[in-house]
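In case you want the letters, here they are:
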Amino acid sequence: MKKWKKIIGIAGALAMLLPFAACEAPSTRGGASGAANKSGKISVGISMPEQQLERWQIDGENLKKELEHFGYKVTLQYADGKTDLQSSQIQNMANQGANYVVIASIDGTATGAAAELAESNGAKVIAYDRLIMNTDAVDYYATFSLTDVGRMQGEYIVDKLGLKEGKKGPFNVELMSGSPTDNNARYYYEGAWKVLEPYFKSGVLKSKSGKVPKSLDDWKSIGIDNWDRQKGQAEMENRINSFYNDGTKLDAVLAPNDAIALGTVNAVESAGWNYFPIITGQDAEKANVAAIVQGKQTMTVYKDTRKLAKATAKMIKDLVDGKKPNTKDVFNNGNKDVTSMLLSPVSVDKTNAKKELVDSGYISAADAGL
Ligand code: BGC
């Protein structure tokens, strides 16, 4: 965001807050000290990006439940994929005296100004799943190991194609990355690209569309806006129609998450092929797990959002209790190294879907089609 825009945004928001600031001094908030606000309870605002994707609903509900379990007052809001709405929701949370705000940003850079406002109003800011970029106003970050997610997708393609056993191909692979506004998307792509790059270099893997970023920094060139399923589908339909409608086999598709994987499955189905390429994914959404069981999608990377919610709630509890949260990683957000907690994702396909997802209670056997 341009600096002046940011300043105007903050000034405007501060003006909105002035009447409240007059009756409640920031020192009574207790980000740092953990003191409760006027209601006598610690209050936590949760800002989730949208409800289209199952995961954010589950994240929001779990986080709320975990925090309420500790006796905190919780406000949960979804921003419908709109960055302005998310910023004003965060501003309102700060305005109403939140001691902590947990933010899963739509656009990690756009959220910076609202995070700054929340901090200046006395709240501690925790970035959830997605980092808040280019600001000092983020205290902690809780997520899954981002590069591991991409690595698992890349390794799955390599294993399934038998490249380690020396299969020479050449195999046709199409690559997509996540939303250009989401900092996570870069790391997912990086993890996958590290694994796939040597095979592209040696010519064992090829991409008929030529849509292969020249360097890591160029990852946005294959980004799908907002991780949108329909946009992913349209992109794959274009590539299929232009490069694979003459019988050329498409061996694998690097789809960065389950929404885009489902778009890819749809594109392949509408091409009327008698096979599905290897299709990766991420999130273990119900429809995708069913598609894996049916042999349409090949794998997903499962991130147990129950664990992320629990870990984040515990982090807040530690801060409230004046303890140091159990974090050992750091992530740079362009301004500073943010103390981070990275959980481990799990690679899931047909062979372990029941064990990992159904037996652990993440989804029901009926939803998985098992
Ligand atoms: C999350 C993924 C999710 C994607 C789209 C990413 O930041 O880490 O789990 O699929 O956003 O919502």
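Throughout what follows, the structure given in this document is the object of discussion. (Residues numbered from 1 in each chain as written. Predicted model: local features only at pLDDT ≥ 70, side-chain atom pairs only at ≥ 80, totals over all residues. Heavy atoms only, no water.)

A word on the layout of surface pockets
Any empty space left between the atoms is revealed when a probe the size of a water molecule rolls over them. Condition: Here a cavity is any set of points on a 1 Å grid over the protein atoms alone where a 1.4 Å probe fits but cannot get out, and a pocket is any open set with protein on both sides within 12 Å along at least 5 of 7 lines; a residue lines the site when it has an atom within 4 Å of a point. Grid points are joined across faces, edges and corners, and a volume is the space filled by probe spheres set on the points. We count a stretch as a helix when DSSP gives it H or I for four or more residues in a row; a strand needs E for two or more, and each element gets its number in order from the N terminus. Residues are grouped as follows: nonpolar covers Ala, Val, Leu, Ile, Met, Phe, Trp, Tyr, Cys and Pro; charged covers Asp, Glu, Lys and Arg; every other residue, Gly included, is treated as polar.
What the largest pocket holds in volume is close to 640 Å³. Forming the walls of the largest pocket are 33 residues, and the residues nearest its centre are Glu50, Gln52, Leu53, Asn226 and Trp227. Of all elements in the fold, only helix 2 (54-69), helix 6 (183-202), helix 7 (229-243), helix 8 (258-271) and helix 9 (286-293) reach the threshold of two or more residues within the lining of the largest pocket. Its residues assigned to classes, the lining of the largest pocket shows nine nonpolar, ten polar and 14 charged.

Digging into the packing of aromatic side chains
Our working definition: Between rings of Phe, Tyr and Trp, where Trp is taken as its six-membered ring, a pair exists when centres lie within 6.5 Å; planes separated by under 30 degrees are stacked, by over 60 edge-to-face, and by other angles tilted. Should the NZ of a Lys or the CZ of an Arg lie within 6 Å of a ring centre and within 35 degrees of the ring normal, that charge is described as sitting over the ring.
For the coordinates displayed, the defined rule picks out eight aromatic pairs. With centroids separated by 5.4 Å and ring planes inclined at 90°, the aromatic side chains of Tyr141 and Phe331 adopt a geometry described as edge-to-face. Residue Tyr141 is found in strand 5 (residues 140-144), and its partner Phe331 is found in strand 11 (residues 329-332); the two are separated by 190 residues along the sequence. Above the plane of the ring of Tyr275 lies Lys249, whose end atom (NZ or CZ) is 5.5 Å from the centre.

What about the side chain of Glu50?
Selection criterion: In protein, a polar contact requires one atom able to donate a hydrogen and another able to accept it; more generally it is a pair of N or O atoms within 3.5 Å, and residues adjacent in sequence count only if both atoms are side-chain atoms.
If you trace the backbone, Glu50 turns up in the loop between strand 1 (43-48) and helix 2. Only 2.8 Å separates the side chain of Glu50 from the backbone nitrogen of Gln52, close enough to count as a polar contact. For Glu50, the side chain forms a polar contact with the main-chain nitrogen of Leu53, separated by 3.0 Å.

Examining the environment of Thr351
With respect to the helices and strands, Thr351 occurs in the loop between strand 13 (346-349) and helix 11 (353-358). When the C-alpha atoms of Thr351 and Ile292 are compared, they prove to be 9.8 Å apart, with 59 residues separating the residues in sequence. In terms of polar contacts, Thr351 uses its side chain to reach the side chain of Asp349, at 2.5 Å.

Thoughts on unusual backbone geometry
This is how it is decided: The rule is simple: take the accessible area with a 1.4 Å probe, protein chains only, and divide by the maximum for that residue type; under 20% is buried, over 50% is exposed, in between is partly exposed.
Cis peptide bonds are those with omega within 30 degrees of zero, and the linkage from Gly169 to Pro170 qualifies with -5°. Here Pro170 is to be found in the loop between helix 5 (146-160) and strand 6 (171-175). Positive phi outside glycine occurs at Asn226, with the angle close to 55°. Note on Asn226: relative accessible area 49%, which makes it partly exposed. Here Trp227, not a glycine, exhibits a phi torsion of approximately 55°, which is positive. Along the chain, the position of Trp227 falls in the loop between strand 7 (205-206) and helix 7. Taking relative accessible area as the criterion, Trp227 reaches 10% and is therefore assigned buried.

Here we look at the sheet that holds strand 11
Selection rule: When DSSP locates at least two bridges between a pair of strands, those strands are taken to pair. Angles here are taken between N-to-C directions and fall from 0 to 180 degrees, while the axes themselves are lines fitted to C-alpha atoms, restricted in helices to the stretch in contact.
In space, the seven strands of this open sheet follow the order 2-1-3-4-5-12-11, with mixed pairing throughout. Of all the strands in the sheet, the pair left with one neighbour each is strand 2 (73-78) and strand 11. Averaged over all neighbouring strand pairs, the angle between strand axes comes to 25°, with direction disregarded. In terms of strand pairing, strand 11 meets strand 12 (residues 337-343) through four bridges, oriented antiparallel. By the bridge assignment, Asn332 is partnered in strand 12 with Asp337.

A word on the sheet that holds strand 6
Going by this rule: We call two residues contacting when some pair of their heavy atoms lies within 4.5 Å.
Sheet architecture is open: four strands sit in the order 7-6-8-9, paired in parallel fashion. Each edge of the open sheet is held by one strand with a lone partner, namely strand 7 and strand 9 (278-279). By the bridge criterion, three bridges tie strand 6 to strand 8 (residues 252-254) in an arrangement that is parallel. Paired with Val173 across the strands is Ala252, a residue of strand 8. Against the sheet, helix 6 engages strand 6, strand 7 and strand 8, with an angle of about 155° to strand 6.

Some remarks on the pattern of salt bridges
We apply this condition: The salt bridge criterion pairs a side-chain nitrogen of Lys or Arg with a carboxyl oxygen of Asp or Glu, the two atoms within 4 Å.
Tallying each qualifying case throughout the model produces 24 salt bridges. The partner of Glu235 in a salt bridge is Lys211, and the shortest N-O contact between them spans 2.8 Å. With Glu235 in helix 7 and Lys211 in the loop between strand 7 and helix 7, this pair connects stretches of sequence that are 24 residues apart. Taking the shortest distance from any N to any O, the salt bridge between Lys314 and Asp318 comes out at 2.9 Å. Taken as a pair, Lys314 and Asp318 lie in helix 10 (residues 305-320) at a separation of four residues, close to a single helical turn. Since its relative accessible area comes to 42%, Lys314 is described here as partly exposed. For Asp318, a relative accessible area of 5% gives the class buried. Each of Arg55, Asp59, Asp129 and Lys303 takes part in a single network of salt bridges with overlapping partners.

Quick look at the site of the ligand
For clarity, the cut-off: When we say a residue is near a molecule or strand, we mean one of its heavy atoms is within 4 Å of it. Calculation of accessible area relied on Shrake-Rupley with a 1.4 Å probe; when residues are assessed, cover is drawn exclusively from the protein chains displayed. In this scheme, a molecule is assigned to a cavity or pocket if more than half of its atoms are within 2 Å of the grid points.
For the ligand, the set of nearby residues contains 13 residues, the closest of which are Asp129, Arg130, Asp182, Tyr188 and Asp283. In this structure, Asp129 approaches the ligand through a side-chain N or O atom, which is 2.7 Å from an oxygen atom. In this structure, Lys303 approaches the ligand through a side-chain N or O atom, which is 2.8 Å from an oxygen atom. Across the complex, the protein chains shield 100% of the 310 Å² of accessible surface that the ligand would expose by itself. The cavity where the ligand resides is the largest pocket. Elements with a minimum of two residues in the shell around the ligand: helix 2 and helix 6. For the shell around the ligand, the class distribution of residues is four nonpolar, three polar and six charged.

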